[in-house]
Amino acid sequence: GNHTQPTFILLGITDTPWAQAPLFGLFLLIYVVTLVGNIGLMVLVWLAPSLHTPMYFFLTHLSLADVCYSTIISPKMLTDLLFGNKTISWAGCLTQFHLFALFATAECHLLAAMAYDRHVAICHPLSYVTAVSPRACWQLVAWSYLVASLSALIYTSCTFGGSFCGPHHVDHFFCDAGPVLRLACSDTRGAEVAIFALAAANGLGTSMVILLSYGRVLHAVLGMRSAPSRARAFQTCASHLVSVSVFYGSLFFMYLQPASRHGSRDKVASVFYTVVSPMLNPFIYSLRNKEVKAALGK
């Protein structure tokens, strides 16, 4: 029958019994490293005056977003792997998806703000103080969360706005738009088009800002006369682009393809942007920098 507020069952990453214990250990380790790395970075930036710069200001908000949406996904996934209790209420499913969509979208815009910061710092150093002032930093962060909040409301209303038919088995390890919409009783083509269009606007818009910014940065780096400075700057840009590629590549695979092409590979792609990327970001973006190492030493 039709139910407006059913209880969902998350089928999880795998239904193979022997694989659940190793996956629990692996994902628990990743989650602990994610929390320690990101929270440690936020505390370090707060305590070290030398890190009170726009770049690390954006990094703290990126770490906050990583901690939030990783915590929204990982604990439920870990308990499902350990105890096998994979049920989740309609309200819990809606809340999980809404908060995930909010912080994941905010991360896209924060990554774009960070790329803009690096572009101004390297390509226009004389105007850096005015272009990336404290007020401008707060405005960029506020814009990121504002757009993310409005986008999350639209994603959630499109995904959970209809009624659902049994069995309520969500073929995923968290409540995502595609698997939930497949359980809807009514026609979901309008909702799928709206989600696709908004995801494309957020994803493609911010990725273009990132690519154009780093393109200008790489052009400026290649024009440097000092070979060591050029190598260091190029290494930093390359590592940032690797992190961005992992995050955006898995997001685009999930949300910018037709619904008919979704399959079992979706879970693998989801692991990268919900579990792996939040763990890697603090190491790629900060812990390889001399400023962070010096602050840790002090």
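Residues numbered from 1 in each chain as written. Predicted model: local features only at pLDDT ≥ 70, side-chain atom pairs only at ≥ 80, totals over all residues. Heavy atoms only, no water.

Can you break down the UniProt feature "transmembrane region" (unreviewed entry) in the protein chain residue by residue, with the values?
As annotated in UniProt, the feature "transmembrane region" (unreviewed entry) corresponds to residues 23-48, 55-74, 94-116, 136-155, 193-212, 233-256 and 268-287 in the numbering used here. Along residues 23-48, the helical share is 96% and the strand share 0%, with 37 Å between the first and last C-alpha atoms. The straight-line gap between the two end C-alpha atoms of residues 193-212 is 27 Å; of that span, 100% is helix and 0% is strand. (UniProt positions renumbered as here; feature names shortened; annotations may be inferred. Helix = DSSP H or I, 4+ residues; strand = E, 2+ residues; numbered from the N terminus.)

Break down empty space enclosed by the protein for me, with residues and values.
What the rule picks out here adds up to three cavities of 30 Å³ or more. For the largest cavity, the calculated volume is near 250 Å³. Forming the boundary of the largest cavity are 18 residues, of which Thr-105, Tyr-155, Ala-199, Leu-251 and Tyr-255 lie nearest the centre. Elements with a minimum of two residues in the lining of the largest cavity: helix 3 (90-123), helix 7 (189-222) and helix 8 (227-255). Looking at the lining of the largest cavity, the element that brings in the most residues is helix 3, giving six residues. For the lining of the largest cavity, the per-class residue count stands at 14 nonpolar, three polar and one charged. Counted as a void, the second largest cavity has a volume near 60 Å³. Lining the second largest cavity, in full, are Gly-12, Ile-13, Thr-14, Gln-20, Met-77, Asp-80, Leu-81, Lys-86 and Phe-173. Considering each element in turn, the lining of the second largest cavity owes the most residues, three residues, to helix 2 (residues 54-83). (1 Å grid on protein atoms, 1.4 Å probe; cavity = no way out; pocket = protein on both sides within 12 Å on 5 of 7 lines; lining within 4 Å. Points joined across faces, edges and corners; volume = space filled by probe spheres on them. Nonpolar A, V, L, I, M, F, W, Y, C, P; charged D, E, K, R; others polar.)

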